[in-house]
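Spelled out from the first residue to the last, the chains are:
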Amino acid sequence: QVLDDQRRVAEETGLITACDLAVLQKLPKWMESNTARNAKTCFGINVSGQSVGSLSYLAQVDRLLKASPWLRGRLLFEITESARIADPRSTNGFIQRLREQGFRVALDDFGAGAANFEYLANLEVDLIKLDGHSVIAATKAHHGRALVKALVAFAREMSVGIAAEMIEDEAVLGAVREAIVSLR
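Scope of this entry: the structure provided in the associated data block. (Residues numbered from 1 in each chain as written. Predicted model: local features only at pLDDT ≥ 70, side-chain atom pairs only at ≥ 80, totals over all residues. Heavy atoms only, no water.)

1. Topic: the overall build of the chain
Heads up, the condition is: Put simply, DSSP H or I for four residues or longer makes a helix, DSSP E for two residues or longer makes a strand, and each gets a number counted from the N terminus. Radius of gyration: over C-alpha atoms. The globule rule applied is 2.2 Å multiplied by the number of residues raised to the 0.38 power. Exposed residues in this analysis have more than 50% of their type's maximum accessible area, buried residues have under 20%, and partly exposed residues fall in between, with area computed by a 1.4 Å probe over protein chains only. The contact criterion used is simple: two residues touch if any of their non-hydrogen atoms lie within 4.5 Å.
When its secondary structure is counted, the chain shows eight helices and five strands. Taken over C-alpha atoms, the radius of gyration comes to 17 Å for the chain, in line with the 16 Å a tight globule of 184 residues would show. When the 184 residues of the chain are sorted by exposure, 45% land in the buried category. Taking contacts inside the chain between residues at least 6 apart in sequence as the whole, the part at least 24 apart equals 73%.

Dropping the structure here:
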């Protein structure tokens, strides 16, 4: 929660792009010090909708990734829900460049904040991460279960992976399993 609050403040003050870039610059150095280059461990890195709309950020990401080809397959870019993407179609071009270079991209916390069906229509991603609160709501109401089932069906149709956050007890796990199994 503290990190979410800090990211929100950074977005509100216009500092999130610098923050996202700093994390991306530091992560490879940390990975080199703490994991072998040939390790299979994958790290997720949050990216604000504001950052993916910044040409300066995108250019710096391109340079950093080209200079570190060993990161391919080891980074998952998670586009966060807290700031709206101004131009989803343009952002999709960046996403496709990442994917072509061997990096996976996810919509994080789908169902919360700015992440919505417009993103699904315009952003070709590898993974949809369902917002934890939406997942919990699925255990409590018919509408919530219907939403999770619809998203699982969509993900299958589009060959997109789907992950559910905040599965912390048997009831939530059972609801998610029901949504997945009922579509087979």
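2. Here we look at the packing of helix 3 (residues 55-67) against helix 4 (residues 88-100)
Note the following rule: Axis definition: a line fitted to C-alpha atoms, limited for helices to the stretch in contact. Angles are taken between N-to-C directions and run from 0 to 180 degrees. These descriptions rest on fixed angle ranges, namely under 35 degrees for roughly parallel, over 145 for roughly antiparallel, 65 to 115 for roughly perpendicular, and the rest for oblique. The classification used treats Ala, Val, Leu, Ile, Met, Phe, Trp, Tyr, Cys and Pro as nonpolar, Asp, Glu, Lys and Arg as charged, and all other residues, Gly among them, as polar.
The N-to-C vectors of helix 3 and helix 4 enclose an angle of 5 degrees; their axes lie 12 Å apart at closest approach. The orientation of helix 3 with respect to helix 4, classified from their angle, is roughly parallel. Where helix 3 approaches helix 4, its residues Leu-58, Val-61, Asp-62 and Leu-65 are matched on the opposing element by Phe-94, Arg-97 and Leu-98. Across the contact of helix 3 with helix 4, the residue classes tally to five nonpolar, no polar and two charged.

3. Focus: empty space enclosed by the protein
The condition is simple: Of the two site types, the cavity is a set of points on a 1 Å grid over the protein atoms alone where a 1.4 Å probe fits but cannot get out, and the pocket is an open set with protein on both sides within 12 Å along at least five of seven lines, each lined by residues with an atom within 4 Å of a point. Grid points are joined across faces, edges and corners, and a volume is the space filled by probe spheres set on the points.
Within the structure shown, the criterion is met by one cavity of 30 Å³ or more. If you add up the space inside the largest cavity, you get close to 30 Å³. If you go around the largest cavity, the residues you meet are Phe-110, Gly-111, Leu-130, Ser-134, Leu-147, Val-148 and Leu-151. If one sorts the elements of the lining of the largest cavity by residue count, helix 7 (residues 142-157) sits on top with three residues.

4. A short note on the environment of Met-31
Assignment of secondary structure puts Met-31 in helix 2 (residues 16-34). Not counting residues up to four positions away in its chain, the partners in contact with Met-31 are Phe-43, Trp-70, Leu-71, Arg-74 and Leu-75.

5. Quick look at the layout of surface pockets
When its volume is computed, the largest pocket comes out at roughly 320 Å³. Lining the largest pocket we find 17 residues, and of these Asp-4, Arg-8, Glu-81, Asp-108 and Asp-109 sit closest to its centre. Secondary-structure elements contributing two or more residues to the lining of the largest pocket are helix 1 (2-12) and strand 3 (104-110). Here the residues of the lining of the largest pocket are counted per class, giving one nonpolar, five polar and eleven charged.

6. A word on the environment of Gly-44
Within the secondary structure layout, Gly-44 lies in strand 1 (residues 43-47). In this structure, Gly-44 is in contact with Leu-76 and Glu-78, ignoring residues within four places of it in sequence.

7. Remarks on the sheet that holds strand 5 (residues 161-164)
Strands pair in a sheet through their backbones, by hydrogen bonds, and they do so in one of two ways: parallel or antiparallel. Convention followed: Between any two strands, pairing holds if DSSP finds at least two bridges.
Read from one edge to the other, the open sheet built from five strands follows the order 1-2-3-4-5, with strand pairing classed as parallel. On the outer flanks of this sheet lie strand 1 and strand 5, each paired with one strand and no other. Pairwise comparison of adjacent strand axes, ignoring direction, gives a mean angle of 25 degrees for this sheet. Judged from the three bridges that link them, strand 3 and strand 4 (residues 127-130) form a sheet pairing that is parallel. Residue pairing for strand 4: Leu-107 is matched across the bridge by Ile-128.

8. Overview of unusual backbone geometry
Phi is positive for Ser-159, which is not a glycine, with a value near 55 degrees. On the secondary structure map, Ser-159 appears in the loop between helix 7 and strand 5.

9. A closer look at the packing of helix 2 against helix 3
Contact pair helix 2 / helix 3: the axes reach a minimum separation of 11 Å and the direction vectors enclose 5 degrees. Judged by the inter-axis angle, helix 2 sits roughly parallel to helix 3. Contacts between helix 2 and helix 3 involve Thr-17, Asp-20, Leu-21, Leu-24, Gln-25 and Pro-28 from the former and Tyr-57, Gln-60, Val-61 and Leu-64 from the latter. Residue classes in the contact of helix 2 with helix 3 are distributed as six nonpolar, three polar and one charged.

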